[in-house]
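# Observations on chain architecture
Residues per chain, in single letters:
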Amino acid sequence: MLAAVLRGPKQLDITEIGTPEPGEGEILLKVGANTVCGTDLRILRGEKTAGVRPGVVLGHEIAGTIAALGKGVAGYRVGDAAVVTPAVSCGTCFYCLRDREQLCDNTDIFGYNIDGGLAEYCLIPKRAVDRKYISVAKAGTPMTALSLSEPLSCVLNGLDNYKAGLGDTVVIIGAGPIGLLHMTVCRLAGATQIIVSDLSETRRATASCLGADITVDSRNEDLETVVKDATNGHGADVVVIAIGRPELLAQAIGLVRKGGYVCAFAGFPKGSTAAVDPNTIHYGEITLVGAANAKRRQTEEALRLIENRLIPAETIVSHTFPLQQAAEAIEFSASGEGIKIAVVP
Ligand SMILES: [Zn+2]
Ligand SMILES: [Zn+2]
């Protein structure tokens, strides 16, 4: 089968490798689509190496059709559409036992140390099958939409942490695919006013088209003034940082009302520091939250939203590339010209 094999930093080989055969307890998935993520870019550029095994097949936003079942697999059928929750937790560590499986100390991750979805087939190991890190999706949902279940599940994990709800004003900094997914789920959760900031005109236009109430180009307008004007001077209930620039943390804290939430959703460059005014947090009772990976429950929730067409997948997945052009797809995703890029074998 054809696969995108990571040999090392900046070396992605699109090459023929043996098609895996499912052993006992394993599932073979025929990949239907694998969307490309900022993390894939950081891995390919050598900016992220922790936990990444050279020789791994890249890709962790995986949707496909079950092609074969190993001996003893129950609860799945050949032909089922399915998606993967890529960070497979151990189930027994400190975090797993405290309902924080997404923070597991012993994760194996597709596209990091388990062969991922930038290939014609993806083998789901027994540990992932046993623990239901593969979820069956409703037949007939497009594969490119299903592959959004992974980033969407991570966004739902963020929503759990920052708790946007009925009547809230939410500010989202960054209108890439992640920012647009936050916008969509905040709206579904009942936010009544959504303000999106991005430097790209096309991304602001997409945000508007998907229902942002106000979009801001922070080079021409002061975001804090816009937010204060829109909230009777109070500030937003929630601010989500969906771009990995550390200086945005101080800005976000300046945008939120007393008692509000700031979510550092994006990953920041390794070693980053941010200077913030601690008194704003102290006197304002501001809650700072992070969000990384997702629980299996959130994959299931993401699937239900996608299957019921509550996520504008056709707009968010703006481009598709064939597997032969996986490296170009990853680089293109960094260009800002598209939104979410899918690789379709
Ligand atoms: Zn991802
Ligand atoms: Zn664990």
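Here the structure is a predicted model, which is why all the values come from computation and not from measurement. (Residues numbered from 1 in each chain as written. Chains lettered and ligands numbered in written order. Predicted model: local features only at pLDDT ≥ 70, side-chain atom pairs only at ≥ 80, totals over all residues. Heavy atoms only, no water.)

### Remarks on the overall build of the protein
- On a plain count of helices and strands, the protein comes out with 12 helices and 17 strands.
- Its C-alpha atoms give the protein a radius of gyration of 20 Å, near enough to 20 Å, the size a compact globule of 345 residues would have.
- With the principal axes as the frame, the protein shows a C-alpha extent of 60 × 40 × 40 Å.
- Here the protein holds 345 residues, and the buried ones make up 53% of them.
- Taking contacts inside the protein between residues at least 6 apart in sequence as the whole, the part at least 24 apart equals 68%. (Helix = DSSP H or I, 4+ residues; strand = E, 2+ residues; numbered from the N terminus. Rg over C-alpha atoms; globule rule 2.2 N^0.38 Å. Buried < 20%, exposed > 50% of the residue type's maximum accessible area, 1.4 Å probe, protein only. Contact = heavy atoms within 4.5 Å.)

### Here we look at the coordination of the zinc ion (ligand 2)
- At the metal site, the zinc ion (ligand 2) is ligated by Cys90 (SG), Cys93 (SG), Cys96 (SG) and Cys104 (SG), and these contacts range over 2.3 to 2.4 Å.
- Taken together, the four donor atoms coordinating the zinc ion (ligand 2) span angles of 104 to 117 degrees at the metal, a pattern that classifies the geometry as tetrahedral.
- Each donor residue of the zinc ion (ligand 2) lies on the same chain, and together they follow the pattern C-x2-C-x2-C-x7-C. Pair noted here: Cys90 is in the loop between β6 (87-88) and β7 (108-109) and Cys104 is in the loop between β6 and β7, with a separation of 14 residues, a long-range link.
- Note on Cys104: relative accessible area 8%, which makes it buried. (Donors = N, O, S within 2.8 Å, 3.2 Å for Na, K, Ca; no water. Tetrahedral: all angles 85-135°; square planar, octahedral: opposite > 155°, others 65-115°.)

### Brief notes about the pattern of salt bridges
- Under the counting rule described, the total for this entry stands at 18 salt bridges.
- Lys126 is the partner of Asp130 in a salt bridge, and the nearest nitrogen-oxygen pair spans 2.8 Å. Of the two residues, Asp130 and Lys126 are both situated in helix α2 (residues 126-130); the distance of four residues between them amounts to about one turn of the helix.
- The structure contains a network of salt bridges with shared partners spanning Asp160, Arg297 and Glu301. (Salt bridge = Lys/Arg side-chain N within 4 Å of Asp/Glu carboxyl O.)

### What about the domain arrangement of the protein?
- Taken domain by domain, the protein holds domain 1 (2-148 + 311-344) and domain 2 (154-290).
- For domain 1 versus domain 2, the distance between C-alpha centres works out to 28 Å.
- Each side of the interface is counted separately: domain 1 has 10 residues, and domain 2 has 11 residues.
- Both faces combined, the contact of domain 1 with domain 2 buries some 990 Å², and carbon together with sulfur accounts for 69% of it.
- Three residues stand out in domain 1 for area buried against domain 2, namely Ile311, Ile316 and Ile339, and they jointly supply 43% of the buried area on that side.
- Our count for the domain 1 to domain 2 interface comes out at zero salt bridges.
- Counting across the domain 1 and domain 2 interface gives two residue pairs in polar contact (both at pLDDT 80 or more).
- Taken together, the residues that form the side of domain 1 that touches domain 2 break down as four nonpolar, four polar and two charged. (Domains from an automatic or database assignment. Buried area = accessible area lost by both parts, 1.4 Å probe. Polar contact = N/O pair within 3.5 Å; in protein donor to acceptor, adjacent residues only side chain to side chain. Nonpolar A, V, L, I, M, F, W, Y, C, P; charged D, E, K, R; others polar.)

### Examining the pairing of strand β4 (residues 61-69)
- Both strand β3 (residues 27-35) and β4 contribute to a ladder of eight bridges, which runs antiparallel. When the bridges of β4 are listed, Ile27 appears paired with Leu69.
- With three bridges joining them, β4 and strand β5 (residues 81-84) adopt antiparallel strand pairing. Bridge assignment links Thr65 to a residue of β5, and that residue is Ala81. (Pairing = 2+ DSSP bridges.)

### Section: the coordination of the zinc ion (ligand 1)
- Summarising the metal site, the zinc ion (ligand 1) is bound by the protein donors Cys37 (SG), His60 (NE2) and Glu61 (OE), whose distances to it range over 2.2 to 2.5 Å.
- Sequence spacing of the donor residues for the zinc ion (ligand 1), all on one chain, is C-x22-H-E. Here the residue Cys37 occupies a position in the loop between β3 and α1 (38-44), and Glu61 occupies one in strand β4, the gap between them amounting to 24 residues.
- Assessed through its relative accessible area of 1%, Glu61 is described here as buried.

### Here's the deal with helix α6 (residues 201-209)
- Along α6, the residues that are buried comprise Arg203, Arg204, Thr206 and Ala207. All buried residues of α6 project into a common sector of 160 degrees when viewed along the axis, lining one side. Exposed side of α6, more than 90 degrees from the buried face: Glu201, Thr202 and Cys209 are the residues found there.
- Positive backbone phi, approximately 110 degrees, marks Gly211, located one or two places after α6. (Arc of directions from axis to C-beta.)

### Concerning the nonpolar core
- Core analysis: the biggest nonpolar cluster contains 45 residues, and Leu146, Leu152, Tyr162, Val170, Met183 and Val196 have the highest contact counts within it.
- A per-element tally of this core places helix α4 (residues 149-162) first, with six residues.
- Per-domain counts for this core show at least three residues from each of domain 1 (2-148 + 311-344) and domain 2 (154-290).
- When sequence neighbours within four positions are dropped, the list of residues in contact with Met183 reads Ile172, Ile194, Val196, Ala207, Leu210, Gly211 and Ala212.
- Within the second largest apolar cluster, 23 residues are counted, among which are Ala4, Leu44, Ala87 and Val343. (Core = buried A, V, L, I, M, F, W, Y, C linked by side-chain atoms within 4.5 Å.)

### Quick notes on the sheet that holds strand β12 (residues 214-216)
- As summarised here, the arrangement of the six strands in space is β12-β11-β10-β13-β14-β15, forming an open sheet in which the pairing is parallel. The open sheet has two free edges, formed respectively by β12 and β15 (287-290), since each of these has just one partner strand. Going across the sheet, the axis of each strand differs from the next one's by a mean of 15 degrees, ignoring polarity.
- Of the strand pairs in this sheet, strand β10 (residues 169-173) and strand β11 (residues 193-197) are connected by five bridges, and their pairing is parallel. What sits directly across from Thr169, in β11, is Gln193.
- Along the sheet face, helix α8 (residues 248-255) touches β10, β13 (236-241), β14 (256-264) and β15 and points at about 150 degrees away from the line of β14. (Axes fitted to C-alpha atoms, helices over the stretch in contact; angles between N-to-C directions.)

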